[in-house]
Amino acid sequence: MAERALFKSFLSCHVCSETFRDPVSLSCNHSFCSSCLQKFWEQAGNKNCPICKRSSKKNPSINFSLKELADSFAGKQNEASNEMEKEKEKKVVCEKHSDVPYWFCKDEQRAVCPVCEFSLHQSHKVVPIEQAVSELKDQLRSDLKSLQDKRNTQEEVKTEYDEMIEHCKKQLLSTERQIRAEFNKLHQFLREEEESRLAALREEEEQKGKTISREMKMIQEQISSLSDSISAVEEDLPKDNVSFLSSYKATQSRARGQRSLSDPQLVSGALIDVAKHLGNLSFRVWEKMKEKVHFSPVILDPNTANRWLYISDDLTSVRHGDTEQRLPDNPERNTKYSNVFGSEGFSSGKHSWKVEVGDHPRWVIGYVKESVERKGKTSASPEDGTWCLVHCDGKYTNGDGQTLTVKKNLQKIRVQLDYDRGEVSFYDPEDMSYIYTYRDTFTEKLFPFLGVGKAADAKTSDLKICQTEISV
């Protein structure tokens with residue numbers, strides 16, 4: 001220890017008191033760390049030795065012999081320090097005694113030495129420390145596995161959210177495009193209707209102008225004839241007797257003939273019928289617009305659609321595709337079965353809608369409760385919250401597997417819900433012939449739904465919600 005202290009004193013810088021780093025030696029034989037000496041000189045404003053104050057005229061070079069010795073000593077110091085730390089770790093002693101603990105008290109959850117085990121822990125559950133460490137490490141490994149699983153779950157959810165963000169961006173662009181397209185159709189209709197009504201206004205103005213011009217032409221002709229007669233009379237009056245008597249009869253006859261003419265009357269309806277063009281204009285345009293717009297009693301919700309289902313742009317028809325789409329697994333989406341729900345649910349009142357099924361071989365139509373299972377296995381029965389009509393290869397059944405008798409292959413299905421009476425009924429809308437009725441007690445919101453299988457060779461590939469007429 002004394003030898004080590006001597007070496008440490010010899011190999012320590014007098015400025016920083018640490019083992020030399022890049023040592024330099026002055027002409028007075030005093031040595032310092034190169035950086036320490038330069039810093040001291042900068043602060044002092046001169047190049048004097050920090051110990052003896054002797055002046056140095058030039059910057060000293062590294063003393064490599066001293067550097068090698070200092071680096072070697074520093075390395076051994078680090079090794080000794082590490083060894084001491086390891087010894088401390090190995091020789092963990094009891095908190096109360098100097099003995100090394102060989103036991104672990106489970107009651108107090110701490111390591112104990114043999115003295116403690118016999119004197120203080122006779123009534124406690126004590127096991128060998130190796131066994132305790134093994135058990136605790138197993139517990140910690142289990143905790144680590146739980147944490148890793150939880151982190152993996154969090155990362156999976158984060159990935160799902162990332163996919164949802166990307167899907168939202170696609171939805172934004174697609175929905176914006178469709179909104180603009182719909183409004184462009186309406187704008188085009190309004191522009192055409194505006195031009196049509198302005199053209200009708202201009203046409204009426206032209207016809208009324210022609211009528212007035214015709215009347216004015218006749219009046220102008222009569223004014224001209226009267227003016228000629230007046231001039232003739234005015235010419236005869238100043239004549240002498242003989243001349244007057246020779247011409248007055250013709251002039252008088254002409255004047256009296258025109259005096260018997262009826263006075264002209266203003267033509268009725270010569271002005272533009274403003275009321276016809278402006279009266280209830282918006283209402284009449286809207287009435288005509290009904291031919292351009294449509295109403296669907298059920299709008300499909302694409303956020304609930306199974307990845308195999310493809311929804312039309314107007315959200316009123318659906319088909320089973322040949323490829324599975326990349327869609328986020330949001331909580332609303334049906335992932336187990338190829339179903340899609342309506343966007344609006346009902347918790348009271350009467351509601352009806354029709355679906356065009358054509359010759360599609362496999363479909364399910366009806367209502368489901370809001371909390372119906374969407375991710376796992378379930379049945380199409382009232383017990384699992386589904387009230388439906390099932391068609392599979394020409395056979396019609398209810399959700400309980402009971403075969404239903406129908407007169408013909410159904411091209412359309414009418415679904416009626418009377419929530420308050422607890423009824424879901426199915427009809428053939430062509431003649432309103434009855435098919436089947438569920439009677440139950442509903443306790444939560446019900447949503448329309450369609451289940452669609454592959455169309456195979458059928459002509460009808462899409463199930464389509466039938467539109468209804470808009471009544472004024």
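Draft legend 1. Spotlight on the confidence of the model for the chain. Looking at the chain as a whole, its pLDDT mean stands at 86, while 89% of the residues score no less than 70. Overall, residues 88–92 carries pLDDT values under 50, and its contacts beyond four positions in sequence, including any with other chains, amount to two contacts.

Draft legend 2. The arrangement of the nonpolar core in detail. By size, the foremost hydrophobic cluster in this structure holds 33 residues, and its most contacted members are W353, I365, I413, V424 and L450. Among the secondary structure elements, those contributing two or more residues to this core are β9 (350–356), β10 (362–369), β11 (386–392), β13 (412–418), β14 (423–428), β15 (433–439), β16 (446–452) and β17 (462–465). When near neighbours in sequence (up to four residues on either side) are disregarded, W353 contacts P297, V298, I365, G366, Y367, I413, R414, V415, P448, F449, L450 and I465. Formed by 15 residues, the second largest nonpolar core is a distinct cluster that contains L11, V24, C33 and L37.

Draft legend 3. Structural view of the packing of helix α5 (residues 129–236) against helix α6 (residues 241–259). Packing of α5 against α6 brings their axes to within 9 Å, and their N-to-C directions diverge by 155°. The angle between the axes of α5 and α6 places the two elements in the roughly antiparallel class. With respect to the hand of their crossing, α5 and α6 are arranged in left-handed fashion. Taken together, the residues of α6 that come into contact with α5 (itself represented by S225, L226, D228, S229, A232, V233 and D236) are F244, S247, Y248, T251, R254, A255 and Q258.

Draft legend 4. Representation of the pattern of salt bridges. Scanning the entire structure with this criterion turns up 21 salt bridges. Residue K208 pairs with E204 through a salt bridge whose shortest N-O separation is 3.1 Å. You can see K208 and its partner E204 sitting in helix α5, four residues apart, about one turn around the helix. R421 is the salt-bridge partner of E423, the closest N and O atoms lying 3.6 Å from each other. Accessibility expressed as a relative area gives 60% for R421, which makes it exposed. Ionic contacts of the salt-bridge type, sharing partners, join the residues D22, K67 and D71 into one network.

Draft legend 5. Spotlight on the sheet that holds β13. Within the open sheet, the seven strands sit side by side as β6-β7-β17-β9-β13-β14-β15. Their pairing is antiparallel. If you trace the sheet from one side to the other, it starts and ends with β6 (309–311) and β15, each paired once. If you compare each strand with its neighbour and ignore which way they point, the axes differ by 20° on average. The pairing of β6 with strand β7 (residues 317–320) spans three bridges and is antiparallel. What sits directly across from Y310, in β7, is R319.

Draft legend 6. Fine view of the pairing of β11. With six of its seven residues buried, β11 lies for the most part within the structure. Relative to β11, β10 runs antiparallel, the two being bridged by seven bridges. Counted as the bridge partner of Y367 is W387 from β11. Count of turn residues in the β11/strand β12 (residues 395–398) antiparallel hairpin: two residues, of which D393 carries a positive phi of about 50°.

Draft legend 7. Examining the packing of α5 against helix α8 (residues 281–289) more closely. It is the contact of α5 with α8, at a shortest axis distance of 11 Å, that shows an interaxial angle of 125°. Taken together, the axes of α5 and α8 are oblique relative to one another. The two elements α5 and α8 meet at a crossing, and its hand is right-handed. Counting all contacts with α5, which are made through L186, F189, L190, E193 and R197, the residues of α8 involved are L281, R284, V285, K288 and M289. Looking at the contact of α5 with α8 residue by residue, the class counts come to six nonpolar, no polar and four charged.

Draft legend 8. Quick look at the packing of aromatic side chains. Under the definition given, this model contains 10 aromatic pairs. For the pair W353 and Y367, a centre-to-centre distance of 6.1 Å together with 80° between the ring planes defines the contact as edge-to-face. Taken as a pair, W353 in strand β9 and Y367 in strand β10 lie far apart in primary sequence, 14 residues in all. With centroids separated by 5.4 Å and ring planes inclined at 45°, the aromatic side chains of Y419 and F442 adopt a geometry described as tilted.

Criteria and cut-off values
- Residues numbered from 1 in each chain as written.
- Predicted model: local features only at pLDDT ≥ 70, side-chain atom pairs only at ≥ 80, totals over all residues.
- Heavy atoms only, no water.
- pLDDT = per-residue confidence, 0-100.
- Contact = heavy atoms within 4.5 Å.
- Core = buried A, V, L, I, M, F, W, Y, C linked by side-chain atoms within 4.5 Å.
- Buried < 20%, exposed > 50% of the residue type's maximum accessible area, 1.4 Å probe, protein only.
- Helix = DSSP H or I, 4+ residues; strand = E, 2+ residues; numbered from the N terminus.
- Axes fitted to C-alpha atoms, helices over the stretch in contact; angles between N-to-C directions.
- Parallel < 35°, antiparallel > 145°, perpendicular 65-115°, else oblique.
- Left-handed = near helix turned anticlockwise from the far one by under 90°.
- Salt bridge = Lys/Arg side-chain N within 4 Å of Asp/Glu carboxyl O.
- Pairing = 2+ DSSP bridges.
- Nonpolar A, V, L, I, M, F, W, Y, C, P; charged D, E, K, R; others polar.
- Phe/Tyr/Trp six-rings, centres within 6.5 Å; stacked < 30°, edge-to-face > 60°.

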